[in-house]
Amino acid sequence: MQISKQKAYELFGNNREWRNAIERIKGDVVYFDFMGKETYKSNRQNRLFHGLLQCFFASGCSSFDNFDEMRNYYKRIAGLVKFDGRKLIESSWSDVTSKNAKTTIDMMLRDMDISGVLGSSQGKKYEEILKNLNQWYEM
């Protein structure tokens, strides 16, 4: 759906977070989509998971040789990578259960803390993720 930026201010401008988001949009048109809580939650979990993975790998603090190896390790913890005898079958992070998502993200956060991501070149990004983490856990 699309509406004018002015209409977006009228509808959502009273909320500081939304007003700031509208201000960052270039142009005069705002696009948005309606979704239920489960879809919204899944999208946020997906962004959190992949943001943490990128931060962890870019920090140089993980012991994995490449990004895919690290991603598959945490997806296995989440129950998203199965072996059928001859090949690996990988499911999307959006298919993870809330319980498995929380367990996996908690483990990744612990691993990031132990390996020293806060003291790395990605420390500021990691701090920002941690600062906003409660929003995900409150869902």
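So, a few notes on the structure that sits alongside this text. Here the structure is a predicted model, which means the values were calculated and not measured.

Re the pattern of salt bridges
Part 1: Taken as a whole and assessed by the stated rule, the structure comprises seven salt bridges.
Part 2: Among the ionic pairs, Lys7 bridges to Glu10, the shortest N-O distance being 3.7 Å. In this pair, Lys7 and Glu10 both sit in helix 1 (residues 5–12), three residues apart, roughly one turn of the helix.
Part 3: In this structure Lys7 comes out as partly exposed when scored by relative accessible area, which is 40%.

Considerations on the packing of helix 1 against helix 2 (residues 16–24)
Part 1: Where helix 1 contacts helix 2, the axes come no closer than 9 Å and their chain directions differ by 170°. As judged from the angle between their axes, helix 1 and helix 2 are roughly antiparallel. On the side of helix 1, the interface is formed by Lys5, Ala8, Tyr9 and Phe12, while helix 2 contributes Trp18, Arg19, Ile22 and Glu23.
Part 2: In terms of residue class, the contact of helix 1 with helix 2 is built from five nonpolar, no polar and three charged.

Quick look at the side chain of Lys5
Part 1: Mapping Lys5 onto the fold places it in helix 1.
Part 2: For the buried residue Lys5, which engages in no salt bridge, the nearest side chain bearing the opposite charge is Asp28, 6.0 Å off.
Part 3: If we skip the residues at most four places from it in the chain, Lys5 touches Ile22, Glu23, Ile25, Gly27, Asp28, Val29 and Val30.

Definitions and cut-offs
- Numbering of residues starts from 1 in every chain and runs along the sequence as written.
- In view of the model being predicted, local features appear only for residues whose pLDDT reaches at least 70, and side-chain atom pairs are presented and counted only at 80 or more, with totals across whole chains, interfaces and linings using the full set of residues.
- Water and hydrogen atoms play no part in the side-chain values, which are based on all heavy atoms of the structure.
- The term salt bridge refers to a side-chain nitrogen of Lys or Arg lying within 4 Å of a carboxyl oxygen of Asp or Glu.
- A run of H or I in DSSP counts as a helix once it spans at least four residues, and a run of E counts as a strand once it spans at least two, with each numbered from the N terminus.
- Working definition: with a 1.4 Å probe on protein chains only, accessible area under 20% of the residue-type maximum means buried, over 50% means exposed, and in between means partly exposed.
- Fitted lines through C-alpha atoms give the axes, limited to the stretch in contact for helices. The angle between two N-to-C directions lies from 0 to 180 degrees.
- Throughout this description, any angle smaller than 35 degrees is read as roughly parallel, any larger than 145 degrees as roughly antiparallel, any in the 65 to 115 degree range as roughly perpendicular, and the remainder as oblique.
- Here, residues are in contact when the closest pair of their heavy atoms is within 4.5 Å.
- Under this grouping Gly is polar, as are all residues other than the nonpolar Ala, Val, Leu, Ile, Met, Phe, Trp, Tyr, Cys and Pro and the charged Asp, Glu, Lys and Arg.
- For the purpose of counting charges, residues Lys and Arg are taken to be positive, whereas Asp and Glu are taken to be negative. His and the chain ends are not included.

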